[in-house]
Amino acid sequence: CIGPSPFSDVPASSPFCRNIERLVFLEITAGCGPGTYCPGNSVPREQMAAFLIRAVLPGNPPGVCAAPPFPDVPVDNPLCTHIEELVARAITLGCIGDNPGTPENEARFCPTNLVTRGQMAVFLGRAFLALP
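In this text, all values refer to a predicted model and were calculated from it rather than measured experimentally. (Residues numbered from 1 in each chain as written. Predicted model: local features only at pLDDT ≥ 70, side-chain atom pairs only at ≥ 80, totals over all residues. Heavy atoms only, no water.)

**Q** Which residues make up the pattern of salt bridges, and what values do they have?
**A** A complete count under the given rule lists 1 salt bridge for this structure. Note that E85 and R89 form a salt bridge whose closest N and O atoms lie 2.8 Å from each other. (Salt bridge = Lys/Arg side-chain N within 4 Å of Asp/Glu carboxyl O.)

Next comes the structure, spelled out in structure tokens:
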């Protein structure tokens with residue numbers, strides 16, 4: 001880290017500290033709780049949406065969620081606007097549930113599912129590299 005670590009659970013000697021410090025500076029993350037970042041935790045899809053949209057757009061998306069972008073993302077979800085913005089930018093198409101091919105499974109976001117490295121590659125490619 002350039003200065004002291006921004007989080008109590010990220011030592012300044014951590015190989016991740018400088019990157020995390022930059023994410024804080026750019027307001028892409030505020031951590032996972034008061035004064036913590038949880039560097040060993042996995043990221044749920046709804047939090048991944050917030051990271052990506054904050055990186056693509058400075059600050060948070062304006063306004064409130066107009067309508068649920070997916071049936072499993074209610075408008076009162078604090079990350080709904082981020083997910084809504086992912087949809088508007090064609091960064092996400094949703095997730096496929098246990099019964100592919102059925103409408104109720106293909107029209108979901110699965111906000112609490114963890115993001116795999118393969119899925120993250122797709123999200124980053126769509127968000128920053130204009131990949132389909």
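That shown, we press on.
**Q** Account for helix α3 (residues 80-88), with residues named and values stated.
**A** For α3, every residue scored as buried is listed here: C80, T81, H82, I83 and L86. Just downstream of α3, A90 is the residue with a positive phi angle, here 55°. (Buried < 20%, exposed > 50% of the residue type's maximum accessible area, 1.4 Å probe, protein only. Helix = DSSP H or I, 4+ residues; strand = E, 2+ residues; numbered from the N terminus.)

**Q** Give a detailed account of the packing of aromatic side chains, specifying residues and quantitative values.
**A** For the structure on display, the rule yields 2 aromatic pairs. Between F7 and Y37, the ring centres sit 5.5 Å apart and the planes meet at 40°, which makes this aromatic pair tilted. Of the two residues, F7 is situated in the segment before α1 (17-25) and Y37 in the loop between α1 and α2 (45-56); the sequence distance between them amounts to 30 residues. Overall, the relative accessible area of 7% leaves F7 in the buried class. (Phe/Tyr/Trp six-rings, centres within 6.5 Å; stacked < 30°, edge-to-face > 60°.)

**Q** Lay out the environment of C65 in plain terms, naming residues and giving numbers.
**A** Along the chain, the position of C65 falls in the loop between α2 and α3. When the C-alpha positions of C65 and I83 are compared, they lie 9.1 Å apart, and in sequence the two are 18 residues distant. Contact partners of C65, with chain neighbours within four places excluded, come to V75, C80, T81 and E84. (Contact = heavy atoms within 4.5 Å.)

**Q** An account of the nonpolar core is needed here, citing residue identities and associated values.
**A** Formed by 15 residues in total, the largest nonpolar core has its most connected members in M48, L52, L86, I91 and F109. Tallying contributions element by element places α2 first for this core, with 4 residues. Once residues within four sequence positions are removed from consideration, F109 is found in contact with R45, E46, M48, A49, F70, D72, V73, I83, L86, T92, G94 and C95. F7, V10, C17 and I20 belong to the second largest nonpolar core, which has 5 residues in total. (Core = buried A, V, L, I, M, F, W, Y, C linked by side-chain atoms within 4.5 Å.)

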